[in-house]
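# Working through the structure, step by step
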Amino acid sequence: MDAYICLTCGVQQGPSSEPPGECPICADPRQYLEPPGARWATMAQLREEGYRIVMRPLEPRLWGIGVEPWMGIGQRALLLQAEGGNILWDCLGFLNEAAMAQIGSLGGIRYICPSHPHFFGAMAEWAQAFGAVVLVCEADKGWVPWQSSYVRFWRDVLELGPGLRLVQCGGHFPGSAVLYWAEGAEGRGTLCTSDTIMVTRDKQHVTFMWSYPNMVPLSPKEAIRIVRRVRHLPFDRIYGGWWDRVIWRDGRRAIERSLARYVAKTLS
Ligand SMILES: [Zn+2]
Ligand SMILES: [Zn+2]
């Protein structure tokens with residue numbers, strides 16, 4: 001049986017004899033369905049169609065990983081070369097042998113840490129290919145397409161190694177998380193936030209939404225609560241979930257400035 005990948009969101013569902021009727025991710029009001037409805041493909045079909053993985057260095061020991069041509073929601077994952085074993089932050093709905101070889105030459109993957117269910121991608125295939133463990137926040141357990149031995153659940157805060165930490169922030173999804181990397185940005189600290197704290201187009205601000213494509217904001221109280229989860233961490237750089245969504249410097253101030261604006265605008 002094949003495990004089909006939804007072409008609208010890029011998340012792979014459990015093995016089935018036919019394409020699933022509905023994609024649970026896209027049917028959720030945080031996401032959307034393009035008419036005429038869910039479209040599915042197997043990994044083999046995507047490989048035949050010429051999809052490929054692109055990897056670009058972002059800073060020492062950190063790589064951006066994306067899929068070309070555009071698939072799903074066009075997200076970019078991050079591969080962090082950590083001393084205790086590499087970490088894939090977020091995941092993609094595609095993988096091929098060329099990417100396996102390239103990532104293998106960089107040390108493979110020890111942990112796959114999706115920030116939230118929109119970025120689960122084809123995490124089962126990625127985990128299998130690299131013998132990796134997928135770390136999913138327990139609050140989003142119900143979104144895991146199929147349970148298997150490669151998934152471990154965590155909650156609140158999980159230390160992955162010295163200066164490396166997953167922090168559950170909630171908001172967009174109850175288990176929405178960030179990855180903190182103390183040695184990132186030349187030692188000034190890096191926060192990988194994806195949709196948990198979204199870097200906006202001006203790259204000077206962030207925002208806090210329940211649904212990004214459908215533009216449904218979180219309450220000011222929720223935004224304040226999210227920022228409280230990261231405020232104590234020393235960091236300078238923020239990586240959102242797309243290639244162009246990065247705040248290269250002064251990320252902490254950008255978050256505080258954005259929170260003040262967000263609260264003022266949503267209460268006015
Ligand atoms: Zn979908
Ligand atoms: Zn999302």
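As shown above, the structure is provided for reference.
Here we summarise the structure given alongside this text.

Residue P69 is reached from E68 by a cis peptide bond, and omega for that bond is -10°. In this fold, P69 is placed in the loop between strand 5 (62-68) and strand 6 (77-80). The backbone of M215 shows a phi angle near 50°, a positive value even though the residue is not glycine.

What follows is about the sheet that holds strand 14 (residues 190-192). Taken in spatial order, the six strands make up an open sheet running 11-12-13-14-19-20, and their pairing is mixed. Edge positions in the open sheet fall to strand 11 (157-161) and strand 20 (246-247), since each of these has one partner strand only. Relative to strand 13 (residues 177-181), strand 12 (residues 164-168) runs antiparallel, the two sharing five bridges. Pairing of Q168 across the sheet is with A177, part of strand 13. Packed onto the sheet, helix 6 (residues 251-267) meets strand 14, strand 19 (237-239) and strand 20 and runs at close to 70° relative to strand 19.

So, about the sheet that holds strand 10 (residues 151-154). Pairing within the open sheet is mixed, and its seven strands lie in the order 4-5-6-7-8-9-10. Here the strands that pair on one side only, and so sit at the sheet edges, are strand 4 (52-59) and strand 10. Neighbour to neighbour, the strand axes of the sheet diverge by 25° on average, direction disregarded. Examined bridge by bridge, strand 6 and strand 7 (residues 87-89) share three bridges and lie antiparallel to one another. Paired with L80 across the two strands is I87, which belongs to strand 7.

With that settled, the discussion passes to the packing of helix 5 (residues 220-230) against helix 6. Between helix 5 and helix 6, the least distance of the axes is 9 Å, while the angle of their chain directions is 165°. Between helix 5 and helix 6, the interaxial angle falls into the category roughly antiparallel. Where helix 5 crosses over helix 6, the handedness of that crossing is left-handed. Contacts from P220, A223, I224 and V227 in helix 5 reach I255, L259, Y262, V263, T266 and L267 in helix 6. A breakdown of the residues in the contact of helix 5 with helix 6 according to their chemical character gives nine nonpolar, one polar and no charged.

Scoring rules and cut-offs
- Residues numbered from 1 in each chain as written.
- Chains lettered and ligands numbered in written order.
- Predicted model: local features only at pLDDT ≥ 70, side-chain atom pairs only at ≥ 80, totals over all residues.
- Helix = DSSP H or I, 4+ residues; strand = E, 2+ residues; numbered from the N terminus.
- Pairing = 2+ DSSP bridges.
- Contact = placed C-beta atoms within 7 Å.
- Axes fitted to C-alpha atoms, helices over the stretch in contact; angles between N-to-C directions.
- Parallel < 35°, antiparallel > 145°, perpendicular 65-115°, else oblique.
- Left-handed = near helix turned anticlockwise from the far one by under 90°.
- Nonpolar A, V, L, I, M, F, W, Y, C, P; charged D, E, K, R; others polar.

Distances and angles like these do not, on their own, reveal function.
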